Amino acid sequence: MESSILESIGVEIIGVMSPVSICMFLVVLLVYSLSSSSSPSSAVSDIRTAANLVYAENPSDTAAQKLEGALLNALVFVILIAIVTFLLLLLYYYNCTSFLKHYTRFSAFFVLGSMGGSIFLSLIQRFSIPVDSVTCFILLFNFTVVGVLSVFGTGIPIIVRQSYMVCLGISVAAWLTKLPEWTTWVLLVALAVYDLVAVLAPGGPLKMLVELASSRNEELPALIYEARPTTVARAGSRGGTSLGLLSSSSSSAIELQAVSRDNKDRNVNDNLNENRDYGGNDEEERSPLVGNGGGEGGIVDEERHEGNESRGGDVEIAERGIKLGLGDFVFYSVLVGRAAMYDLMTVYACYLAIISGLGCTLILLSVCRQALPALPISITLGVLFYFLTRLLMEPFIVGTATNLMMF
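Here the structure is a predicted model, which means the values were calculated and not measured. (Residues numbered from 1 in each chain as written. Predicted model: local features only at pLDDT ≥ 70, side-chain atom pairs only at ≥ 80, totals over all residues. Heavy atoms only, no water.)

(A) Main features of the overall build of the chain. Secondary structure summary: the chain contains 11 helices and seven strands in total. For the chain, with 407 residues in total, the buried portion stands at 47%. Of the contacts made within the chain by residues no fewer than 6 positions apart, 75% connect residues no fewer than 24 positions apart. (Helix = DSSP H or I, 4+ residues; strand = E, 2+ residues; numbered from the N terminus. Buried < 20%, exposed > 50% of the residue type's maximum accessible area, 1.4 Å probe, protein only. Contact = heavy atoms within 4.5 Å.)

(B) Looking closely at the nonpolar core. The biggest cluster of nonpolar side chains holds 80 residues, and the ones touching the most others in it are Val-20, Leu-168, Phe-331, Tyr-332, Leu-335 and Ile-379. Ignoring any residue separated from it by four or fewer positions in sequence, one finds Leu-335 in contact with Trp-185, Leu-188, Cys-350, Ile-354, Ile-379, Gly-382 and Val-383. (Core = buried A, V, L, I, M, F, W, Y, C linked by side-chain atoms within 4.5 Å.)

(C) Broad picture of the UniProt feature "transmembrane region" (unreviewed entry) in the chain. Here the UniProt feature "transmembrane region" (unreviewed entry) sits at residues 12-32, 70-94, 106-125, 131-152, 182-201, 345-365 and 371-388. Secondary structure content for residues 70-94 is 96% helix and 0% strand, while the C-alpha to C-alpha distance between its ends is 36 Å. From the first C-alpha to the last, residues 371-388 spans 31 Å; its make-up is 72% helix and 0% strand. (UniProt positions renumbered as here; feature names shortened; annotations may be inferred.)

(D) Structural view of empty space enclosed by the protein. Overall, the coordinates contain three cavities of 30 Å³ or more when judged by the stated rule. Taken as a whole, the largest cavity encloses approximately 60 Å³ of empty space. The wall of the largest cavity is formed by Phe-77, Leu-176, Leu-179, Thr-184, Leu-187, Leu-188, Leu-191, Phe-331 and Val-334. When residues of the lining of the largest cavity are traced back to their parent elements, those giving at least two are helix H6 (181-200) and helix H9 (326-340). Among the elements that make up the lining of the largest cavity, the one with the highest residue count is H6 (four residues). (1 Å grid on protein atoms, 1.4 Å probe; cavity = no way out; pocket = protein on both sides within 12 Å on 5 of 7 lines; lining within 4 Å. Points joined across faces, edges and corners; volume = space filled by probe spheres on them.)

(E) Here's a closer look at the pattern of salt bridges. Evaluation of the coordinates by the stated rule reveals three salt bridges. Here Arg-390 and Glu-181 are joined by a salt bridge, their closest N and O atoms 2.9 Å apart. With Arg-390 in helix H11 (residues 376-402) and Glu-181 in helix H6, the pair connects residues that are 209 residues apart, well separated along the chain. For Lys-207, the salt bridge identified is with Glu-211, shortest N-O distance 3.7 Å. Of the two residues, Lys-207 and Glu-211 both sit in helix H7 (residues 205-216), four residues apart, roughly one turn of that helix. With a relative accessible area of 44%, Glu-211 lands in the partly exposed category. (Salt bridge = Lys/Arg side-chain N within 4 Å of Asp/Glu carboxyl O.)

(F) Structural context of the environment of Cys-360. Position of Cys-360 among the secondary structure elements: in helix H10 (residues 344-368). The spatial distance from the C-alpha of Cys-360 to the C-alpha of Ala-374 is 9.9 Å, given a sequence separation of 14 residues.

(G) Just the packing of helix H4 (residues 133-152) against helix H5 (residues 158-176), in detail. Direction vectors running N to C along H4 and H5 enclose 120 degrees, while the axes themselves pass 9 Å from each other. By the angle between their directions, the pair H4 and H5 is classed as oblique. For the pair H4 and H5, the crossing hand works out as left-handed. In this structure, H4 contributes Phe-143, Val-146, Gly-147, Ser-150 and Val-151 to the contact, and H5 contributes Val-160, Arg-161, Tyr-164, Met-165, Cys-167 and Leu-168. For the contact of H4 with H5, the residue count by class is eight nonpolar, two polar and one charged. (Axes fitted to C-alpha atoms, helices over the stretch in contact; angles between N-to-C directions. Parallel < 35°, antiparallel > 145°, perpendicular 65-115°, else oblique. Left-handed = near helix turned anticlockwise from the far one by under 90°. Nonpolar A, V, L, I, M, F, W, Y, C, P; charged D, E, K, R; others polar.)

(H) Seen up close, the side chain of Ser-171. Structurally, the position occupied by Ser-171 is in helix H5. Overall, Ser-171 belongs to the buried group, its relative accessible area being 7%. The residues touching Ser-171, leaving out its near neighbours within four places in the chain, are Val-111, Met-115, Gly-116 and Ile-119.

(I) Here's a closer look at the packing of aromatic side chains. Taken as a whole and assessed by the stated rule, the structure comprises eight aromatic pairs. With a centroid separation of 5.4 Å and an interplanar angle of 50 degrees, the aromatic rings of Tyr-225 and Phe-329 are classed as tilted. Of the two residues, Tyr-225 sits in strand E1 (residues 224-226) while Phe-329 sits in helix H9, which places them 104 residues apart along the sequence. Within the aromatic cluster, the residues linked to one another by ring pairs are Trp-185, Tyr-386 and Phe-387. The side chain of Arg-126 reaches across the aromatic face of Phe-127, ending 5.4 Å from its centre. Between Arg-216 and the ring centre of Tyr-92, over which it is positioned, the NZ or CZ distance is 4.8 Å. (Phe/Tyr/Trp six-rings, centres within 6.5 Å; stacked < 30°, edge-to-face > 60°. Lys NZ or Arg CZ within 6 Å of the ring centre and 35° of its normal.)

(J) Region of the structure containing the confidence of the model for the chain. The predicted model of the chain has a mean per-residue pLDDT of 76, with 71% of residues at 70 or higher. Looking across the chain, the model is least confident in strand E6 (residues 315-320), with a mean pLDDT of 37, and most confident in H4, with 94. Contacts from residues 37-44, a stretch scored under 50 in pLDDT, to residues over four places away or in other chains number eight contacts. Scored below 50 in pLDDT, residues 278-312 shows 94 contacts in the model against residues more than four places distant or in partner chains. (pLDDT = per-residue confidence, 0-100.)

The following block contains the structure:
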């Protein structure tokens, strides 16, 4: 029996919400486990990254100085991201795909080995786990190598690949939560604005990357989370192109990338034979989140698209799960991790805001059927709910509870 519209939409959304929620939850646990016992939000950050090259925040600085320094840090970081993105666009334009793939593999190895290793060592020190340096190195090396092979290898169980993608997001997000408070909030807003411009503005680097990949009928080499395995079988001679949209990550920016089905030809004979066994059927079973296809593209997910034309023409069997860029995991988790440095009430508010924004993005994709940025709605709602909860809701609840007006 065909699933109802609500049930299908729920399956599509849960496939994305679950790993994002797990990533945010584990980042919050790490923040609480590794933060200082007194006031983690007031601690001075001693890390030096591209996000705080210009200004190092100090608790003794005034609010105006912190805001000015945070704006400068965010500006420099966004400019660096734009330069790197244009460089990647240039390399991709000149067909340096092999170099980009190796660069992506090295990035995953570096994140798991350095950032993941730093978190691992911090946990060992925090909980006084008895382990010698040799054993620690072997465990970390094996974890890193297996992670790279799982993310980029073939024939790997999907659950293993998904788990390591979540680990990558946790490692980067937990590291970025060490940034100063003002720099973190301004940086998140700046990245959301940059994402909006880079994807939707004419001449935007991510927009050009998406259009170039679509014209070549191939996917961009990037770290992408797959909700489930993807298989496509295609036969026929019409040569038409049908596009779907998926979330991908280029550098630290996130966009929804249009990808052709033609570059996903797998198991053609098996799927065609299976389709013939079931008999001819002109009906198409589509996910409610799927558009009408065509040159403009579909949307995030195409769950089951089964077509069998007994009178000739194309036969296409496709399964396309929702694919979410690693940058989404990272910046959603950074927002929630920073909120966890204040109290749990802001964590709940930010989590609900991010999940709501992600759901709105998926719905907008089904309506617009064009590439849309994945960060702006969720980040905007998350930042707004954080400050509303911290400045309005918490004082009200604490005041009423203190005066025995609410229990």
